[in-house]
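Spelled out from the first residue to the last, the chains are:
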Amino acid sequence: MIRYVFEFFSPAGIRFLASIKQGNGLRPTARAAGIDKEVGYRWLRESYLRLRRDGLSPAGATAAIGFTTSRLPAWEAAVSGDTGRHHLQASIEDEAIFWATFEGGNSLEQSGLASGVSSSTAYRWLHVRFNQFRDSKVTLKRCQALLRLTDQRCRSFERERLARLAKERNAAAAAQHAAVLSSNRYADQVLASTVSEAQQRRTERATKYWQLMREGTSNAEACRLLGMHRRTGTLLRRATNYQIPSLKPRSAAAGRYLDVRERLQIADLLELGHSMRRVARELGRQPSTIKRELDRHRDGEGRYLPRTADHDARLQRARPKTHKLVADPRLRGLVQRKLNRCWSPDEICGWMKKSYPDDPTLRLCPETIYRSLLLREGQGLHKRYATKLRTGRRIRKSRWRTRTGQGSRIRSMTMIDQRPAEVETRLEAGHWEGDLIVGVGSVSAMMTLRERKTQYGIIVNLPQDHTAESVNAAAISVFAALPPSLKRSLTWTKGWRWPGMRHSRRLPACPCSLPNGPARGSAARTRTSTDLSANISPRAPTWPFTASSTYPT
């Protein structure tokens, strides 16, 4: 029994049962594990009996081992008659009489005579009961009291138990080490055993067929020369999209991606009980690589199938990929329906995530919708839906298509944090903030100027254009009519329309500050005045206004 347990839980047994559970056949699995077919049947039988003793039904035990055979009725018949005892062992009734007599206060020899067994058998039963108690976390003194052992015999039993445990640990560690060393050889055996002779013959026949096709032979003639049906050649051509495969050898893996051999090793080492870090160390990979591999390719039951994982990984790496909105009509219909209601792509993606939390196929990135609508090579959505976007833009406006290019053209800017401190206190007049409003299609433009203390505002029309030179000239003409006490500083938003302010030496008392972002509490008021002036006629030359008292000061 001890030998069976050692063999059953050996690396070969673990590999064999794991391969059977993955759906592989008995013969190639036994050949890859290095055992005979009948040994594999014995291991499957013992695994089935162990699961049935644990309370599983016949169907549950068959599903647990992942194997069915015509021998199942014989295995099921052995369940009721199997007691887990050797046929040469004493009967259960004799052992029960022995323990009843011994617990009644009789000695070991008297209990053995009462049950009809020898003293050596009685001594062995006592030793087994001691090990059972100790394995159940019963203290040594308690075991000595229950079994009425002497101090010398109790210490002897304990030494033997510790020696046995140490031997089992050393044997398990040696077996695990040998299993790790043989993992590469096992992966090679699995790869070699999965290719049958029939598959090899078909591969050789396909190679000869394509060689004849390269020489200019017709399909019918090539099939006649190779002794196969013409439809077989047609199927070979259809599998390659009616293109003759190139003779260029397949490039070897650069090591960036896991191959099927490494995936077989991952599954093997995980079945042997190794951690992900140990597996990564044996393969020479990073632990994060193993973690991502397992997270991506484990099935719903938590199993990692190396063949299936390798097939899925090849499909995921294939390029070009089918656009997600093209491949999924349901997803495309939901996006089109929401675009017709003028929803933004961010709102659409958030709504799908909230409405379908358990459906991972209905997950979309807003960028996918934008690229489908605004790029010329975009797929999945008709370009007419671009008019449903809030910008109304039909093509993407990237930073390379803007006038400023990358970054601002302003040099030697005076930033807003360098403004005089009295500007923030609003105790003196003469500190201004400016902004520019551009009409539809950039046809018309206005410049707004607001004084921070009095909230006095000026709107300047720019009828010709709104270039930097025109804005500078208009600002100079407006400030020229003001007294010097009202020309202390001017804060302007950072943009390409005001790059010439540093050249405007005609405003020495009005330095320009350019904020990186909206100035605290000031840009909102400037924008408010700009919005209020949107209805003023662009032909008005200059329009002073005073802000309402409801505006924040």
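Refer to the structure above for everything that follows.
Residues numbered from 1 in each chain as written. Predicted model: local features only at pLDDT ≥ 70, side-chain atom pairs only at ≥ 80, totals over all residues. Heavy atoms only, no water.

Visitor: Just checking my understanding: could you explain the overall build of the protein chain for this structure?
Guide: On a plain count of helices and strands, the protein chain comes out with 26 helices and 6 strands. Within the protein chain, the proportion of its 553 residues that are buried is 36%. When contacts within the protein chain are restricted to residue pairs at least 6 apart in sequence, long-range pairs at least 24 apart make up 57% of them. (Helix = DSSP H or I, 4+ residues; strand = E, 2+ residues; numbered from the N terminus. Buried < 20%, exposed > 50% of the residue type's maximum accessible area, 1.4 Å probe, protein only. Contact = heavy atoms within 4.5 Å.)

Visitor: What is the right way to read the nonpolar core from this model?
Guide: A general tendency of soluble globular proteins is for nonpolar side chains to be buried together. Judged by nonpolar contacts, the single largest core of 18 residues is most densely connected at Phe 16, Leu 26, Leu 44, Tyr 48 and Phe 67. Going through the elements one at a time, helix H2 (11-21), helix H3 (26-33), helix H4 (37-53), helix H5 (58-65) and helix H6 (72-81) are the ones with two or more residues in this core. Ranked by residues supplied to this core, first place goes to H4 with 6 residues. If we ignore the near neighbours within four places in the chain, the residues touching Leu 26 are Phe 16, Ile 20, Lys 37, Tyr 41, Leu 44 and Phe 67. Of all hydrophobic cores here, the second largest spans 17 residues; its members include Leu 339, Leu 364, Leu 381 and Ala 386. (Core = buried A, V, L, I, M, F, W, Y, C linked by side-chain atoms within 4.5 Å.)

Visitor: What's the story with the environment of Ala 78 in this structure? I'm lost.
Guide: Along the chain, Ala 78 turns up in helix H6. Take Ala 78: its relative accessible area is 18%, and that puts it in the buried class. C-alpha of Ala 78 to C-alpha of Leu 49: the two residues are 29 residues apart in sequence and 7.9 Å apart in space. When neighbours within four sequence positions are excluded, Ala 78 is seen to be in contact with Arg 45 and Leu 49.

Visitor: Can you help me understand the pairing of strand S4 (residues 489-492) in this one?
Guide: Along any regular strand, the residues point their side chains to alternate faces of the sheet. Along S4, one buried face is formed by Ser 489 and Thr 491 and the opposite face, lined by Leu 490 and Trp 492, is buried too. Bridge count between strand S1 (residues 431-438) and S4: 4 bridges; the pairing is parallel. Each bridged residue has a counterpart across the sheet, and for Gly 434 the counterpart in S4 is Trp 492. (Pairing = 2+ DSSP bridges.)

Visitor: Explain helix H13 (residues 197-214) here, please?
Guide: An α-helical turn contains 3.6 residues, so a residue and the one three or four places further along point in the same direction. Between the first and last C-alpha of H13 there are 26 Å, a value that for 18 residues agrees with the 26 Å anticipated at 1.5 Å per step. The complete set of buried residues in H13 reads Ala 206, Tyr 209, Trp 210, Leu 212 and Met 213. When H13 is viewed along its axis, its buried side chains cluster within an angular range of 155 degrees and face the same direction. H13 presents Glu 197, Arg 201, Thr 203, Glu 204, Thr 207 and Lys 208 as exposed residues on the side facing more than 90 degrees away from its buried surface. Elements in contact with the buried residues of H13: helix H14 (219-226) and helix H15 (230-239). At the exit of H13 stands Gly 216, carrying a positive phi of roughly 95 degrees. (Expected span 1.5 Å × (residues − 1). Arc of directions from axis to C-beta.)

Visitor: What is the right way to look at the packing of aromatic side chains in this model?
Guide: To describe a pair of aromatic rings, one takes the distance between the centres and the angle between the planes. Per the stated rule, a full pass over the model turns up 13 aromatic pairs. Lying over the aromatic face of Trp 99, Arg 129 brings its terminal NZ or CZ to 3.8 Å of the ring centre. (Phe/Tyr/Trp six-rings, centres within 6.5 Å; stacked < 30°, edge-to-face > 60°. Lys NZ or Arg CZ within 6 Å of the ring centre and 35° of its normal.)

Visitor: Explanation requested: the side chain of Asp 268 in the structure shown.
Guide: Take Asp 268: it is sitting in helix H16 (residues 260-271). At 2.7 Å, the side chain of Asp 268 forms a polar contact with the side chain of Arg 15. Once residues lying within four places of it in the same chain are set aside, the contact partners of Asp 268 are Arg 15, Ser 183 and Tyr 186. (Polar contact = N/O pair within 3.5 Å; in protein donor to acceptor, adjacent residues only side chain to side chain.)

Visitor: Which parts of the structure should I look at to understand unusual backbone geometry?
Guide: A negative phi angle is the norm for most residues apart from glycine, just as the trans form is the norm for most peptide bonds. A positive phi angle is found at Lys 137, which is not glycine, with a value near 70 degrees. Its location among the elements puts Lys 137 in the loop between helix H9 (119-135) and helix H10 (140-147). Relative accessible area serves as the criterion here: at 75%, Lys 137 is assigned to the exposed category. Even without glycine at this site, Arg 426 takes up a positive phi of about 60 degrees. Tracing the sequence through the fold places Arg 426 in the loop between helix H24 (422-425) and S1.

Visitor: Where do I start with the packing of H2 against H3 in this structure?
Guide: With their axes 9 Å apart at the nearest point, H2 and H3 run at an angle of 155 degrees to one another. Taken as axis vectors, H2 and H3 run roughly antiparallel relative to one another. The handedness of the crossing between H2 and H3 is right-handed. On the side of H2, the interface is formed by Ala 12, Phe 16, Ser 19 and Ile 20, while H3 contributes Leu 26, Thr 29, Ala 30 and Ala 33. (Axes fitted to C-alpha atoms, helices over the stretch in contact; angles between N-to-C directions. Parallel < 35°, antiparallel > 145°, perpendicular 65-115°, else oblique. Left-handed = near helix turned anticlockwise from the far one by under 90°.)

Visitor: Would you mind going over the pattern of salt bridges with me for this structure?
Guide: Two side chains of opposite charge can pair, provided their charged atoms sit close to one another. Following the criterion strictly, the structure yields 24 salt bridges and no others. Between Arg 303 and Asp 299 there is a salt bridge, with the nearest N and O atoms lying 3.0 Å from each other. You can call Arg 303 partly exposed: its relative accessible area is 30%. It is possible to trace a salt-bridge network through shared partners that takes in Arg 134, Asp 135, Glu 158 and Arg 161. (Salt bridge = Lys/Arg side-chain N within 4 Å of Asp/Glu carboxyl O.)

Visitor: I keep staring at the pairing of S1 and nothing clicks. Help me out?
Guide: Burial within S1 is extensive, with 6 of its 8 residues counted as buried. Where S1 and strand S2 (residues 445-451) come together, 7 bridges link them in antiparallel fashion. Looking across to S2, one finds that Val 438 is bridged to Ala 445. The turn joining S1 and S2, which pair antiparallel and follow one another in sequence, is formed by 6 residues; a positive phi near 70 degrees is taken by Gly 441.

Visitor: I tried to follow the environment of Leu 294 on my own but got confused; where do I start?
Guide: Inspection of the secondary structure puts Leu 294 in helix H18 (residues 287-297). When its relative accessible area of 2% is taken as the criterion, Leu 294 is described as buried. If near-sequence neighbours (up to four positions away) are discounted, Leu 294 is found in contact with Ile 266, Leu 270, Met 276 and Tyr 304.

Visitor: Where do I start with the state of the cysteines in this structure?
Guide: As used in these notes, a disulfide is a covalent bond between sulfur atoms, one from each of two cysteines. Counted under the stated rule, the structure contains 0 disulfides. Considering cysteine sulfurs only, Cys 143 is the nearest to Cys 154, which forms no disulfide, with 7.1 Å between them. No disulfide involves Cys 349; its sulfur sits 6.4 Å from the nearest other cysteine sulfur, which is in Cys 365. (Disulfide = S-S within 2.5 Å.)

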